[in-house]
Amino acid sequence: KDIPGTSAISPGSSKECAPDTESPSGTGEADYCRRILVRDAKGTIREIVLPKGLDLDRPKRTRTSFTAEQLYRLELEFQRCQYVVGRERTELARQLNLSETQVR
């Protein structure tokens, strides 16, 4: 996928990506690495090595917007006990209409 200001480069070797042996594709590149060039606002080009499994096209999860009441209660609980677990977390999540992950 073309992204303005970026361009893909051909496979090569690097410390982060170099396998101990040749990959099955014969390129010498590790099968789990993807290398791209990124041009910043100043025009400097930098190479970035990323795992191929990283899904850059997936949209980011939206950030939870807590209400003032939820924040107040969460902060009170945090002051009382920094790690709310088990039944307490389940009950607090239910009372605040949040998931347990959000309470965590």
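What counts as what
- Residues numbered from 1 in each chain as written.
- Predicted model: local features only at pLDDT ≥ 70, side-chain atom pairs only at ≥ 80, totals over all residues.
- Heavy atoms only, no water.
- Axes fitted to C-alpha atoms, helices over the stretch in contact; angles between N-to-C directions.
- Helix = DSSP H or I, 4+ residues; strand = E, 2+ residues; numbered from the N terminus.
- Parallel < 35°, antiparallel > 145°, perpendicular 65-115°, else oblique.
- Left-handed = near helix turned anticlockwise from the far one by under 90°.
- Contact = heavy atoms within 4.5 Å.
- Nonpolar A, V, L, I, M, F, W, Y, C, P; charged D, E, K, R; others polar.
- Buried < 20%, exposed > 50% of the residue type's maximum accessible area, 1.4 Å probe, protein only.
- Polar contact = N/O pair within 3.5 Å; in protein donor to acceptor, adjacent residues only side chain to side chain.

(A) Molecular detail of the packing of helix H1 (residues 68-80) against helix H2 (residues 86-96). Put simply, H1 and H2 touch, their axes get as near as 10 Å, and they point 160 degrees apart. For the element pair H1 / H2, the angle class is roughly antiparallel. Our pair here, H1 against H2, has a crossing hand that is right-handed. Here Gln70, Arg73, Leu74, Glu77 and Arg80 of H1 come into contact with H2, specifically with Glu88, Leu92, Gln95 and Leu96. Tallied by class, residues from the contact of H1 with H2 come to three nonpolar, two polar and four charged.

(B) Focus on the environment of Thr90. The residue Thr90 is located in helix H2 in this model. Since its relative accessible area comes to 38%, Thr90 is described here as partly exposed. In this structure, the C-alpha to C-alpha distance between Thr90 and Glu100, residues 10 residues apart in sequence, is 6.1 Å. A polar contact is formed between the side chain of Thr90 and the side chain of Glu100, at a distance of 3.1 Å.

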